[in-house]
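# Structural description and commentary
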Amino acid sequence: CPICFLPLAVDNDTSTIMACCSKKICNGCAYANREHELEGKLEERCPFCRYPVPDTEDEALKNHMKRVEANDPVAMCQMGWKFFIDGDYKSSFLYWTKAARLGNAESHYQLSRLYREGEGVEKDKKKKIYHLEEAAIGGHADARYNLASYEWSNLKFKRALNHWIVAARLGHNESMQTLERCFTSGEVSKEDFSSTFRAY
């Protein structure tokens, strides 16, 4: 979190992306800010940039588009999501591609899904893996988990275990559960499992 500097959880339900500045704020800081504003009867503002919170959806969209025009990869990724939900896969592909070029890990992950499902693009296994790898390098735990599953299905067990270990250390629940099963069956050493469990 850019306010309290605590690591943000993998679970997106524990944080909020602010439309005004595209910063991901933990729910604790957002809550503390809101409580402060209510106690002081202050205008509602972004906890990070202090920009007033928009009153209408149109105003929020206008603020969001300013971030997109400024080449903000987080704003572009969110715009990709908006088009994806509306069923416009080609537009979501364009926004996610722009954001991925700017290094956005979530956009790489979503592009891998598009290439896997063939939504808005032709199915392409090589591009799917490329974008999964880029997302994993960028710290995307779900991408790391999916890469591990892919490696496991291709009988590359050591690589798969390494991916699950990294994802679990990022706080990824399914990876930790998978490692627990692997430890029980003797495929993960006690040292690897215990150090990963402590980091998890």
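So, a few notes on the structure that sits alongside this text. Everything quoted here is computed from the prediction, not taken from an experiment.

## Comments concerning the pattern of salt bridges
The full count for this structure, using the stated rule, is 8 salt bridges. Salt-bridge contacts for Asp72 lead to Arg67; the nearest nitrogen and oxygen are separated by 2.9 Å. The class of Asp72 is buried, set by a relative accessible area of 9%. One connected set of salt bridges, linked through shared partners, spans Arg34, Glu37, Glu44 and Arg50.

## A closer look at helix α7 (residues 141-153)
An α-helix turns once every 3.6 residues. As a result, residues three or four positions apart point the same way. With 13 residues, α7 ought to run about 18 Å at 1.5 Å a step, and its terminal C-alpha atoms sit 19 Å apart, in line with that. In the stretch just after α7, Leu155 is the one whose phi turns positive, near 65 degrees.

## Here we look at the environment of Leu42
Mapping Leu42 onto the fold places it in the loop between α1 (27-39) and α2 (57-69). Separated by 38 residues in the primary sequence, Leu42 and Gly80 have C-alpha atoms spaced 34 Å apart.

## Here we look at the layout of surface pockets
Size it by volume and the largest pocket reaches roughly 730 Å³. Together, 25 residues line the largest pocket, and Val10, Asn12, Lys24, Glu106 and His140 are the ones closest to its centre. Mapped by element, the contributors of at least two residues to the lining of the largest pocket are β1 (15-17), α3 (73-85), α5 (105-117) and α7. Along the lines of polarity and charge, the residues of the lining of the largest pocket split into 11 nonpolar, 11 polar and 3 charged. Around the second largest pocket, the lining residues are Ile17, Met18, Ala19, Glu57, Asp58, Ala60, Leu61, His64, Gln78, Met79 and Lys82. Contributing elements (two or more residues each) for the lining of the second largest pocket: α2 and α3. In terms of residues, the lining of the second largest pocket owes the most to one element, α2, which gives 5 residues.

## So, the packing of aromatic side chains
Taken as a whole, this structure holds 10 aromatic pairs when the rule is applied. Consider the rings of Phe84 and Trp96, whose centres lie 5.6 Å apart with planes at 40 degrees: the pair is tilted. Of this pair, Phe84 sits in helix α3 while Trp96 is found in helix α4 (residues 89-101), placing the two residues 12 residues apart along the sequence. With a relative accessible area of 0%, Trp96 lands in the buried category. Note on Trp152 and Trp164: the rings are 5.4 Å apart at their centroids and 45 degrees apart in plane angle, and the pair reads as tilted. Within this pair, whereas Trp152 is found in helix α7, its partner Trp164 is found in helix α8 (residues 157-169), the two being separated by 12 residues in sequence. Since its relative accessible area comes to 4%, Trp164 is described here as buried. Grouped by ring-pair contacts, the aromatic residues Trp81, Phe84, Tyr89 and Trp96 constitute a single cluster. In this arrangement the basic side chain of Lys82 is found over the ring face of Phe83, its NZ or CZ atom lying 5.5 Å from the centre. Here Lys98 stacks its cationic end above the ring of Tyr95, 5.5 Å away from the centre of that ring.

Rules and cut-offs
Residues numbered from 1 in each chain as written. Predicted model: local features only at pLDDT ≥ 70, side-chain atom pairs only at ≥ 80, totals over all residues. Heavy atoms only, no water. Salt bridge = Lys/Arg side-chain N within 4 Å of Asp/Glu carboxyl O. Buried < 20%, exposed > 50% of the residue type's maximum accessible area, 1.4 Å probe, protein only. Helix = DSSP H or I, 4+ residues; strand = E, 2+ residues; numbered from the N terminus. Expected span 1.5 Å × (residues − 1). 1 Å grid on protein atoms, 1.4 Å probe; cavity = no way out; pocket = protein on both sides within 12 Å on 5 of 7 lines; lining within 4 Å. Points joined across faces, edges and corners; volume = space filled by probe spheres on them. Nonpolar A, V, L, I, M, F, W, Y, C, P; charged D, E, K, R; others polar. Phe/Tyr/Trp six-rings, centres within 6.5 Å; stacked < 30°, edge-to-face > 60°. Lys NZ or Arg CZ within 6 Å of the ring centre and 35° of its normal.

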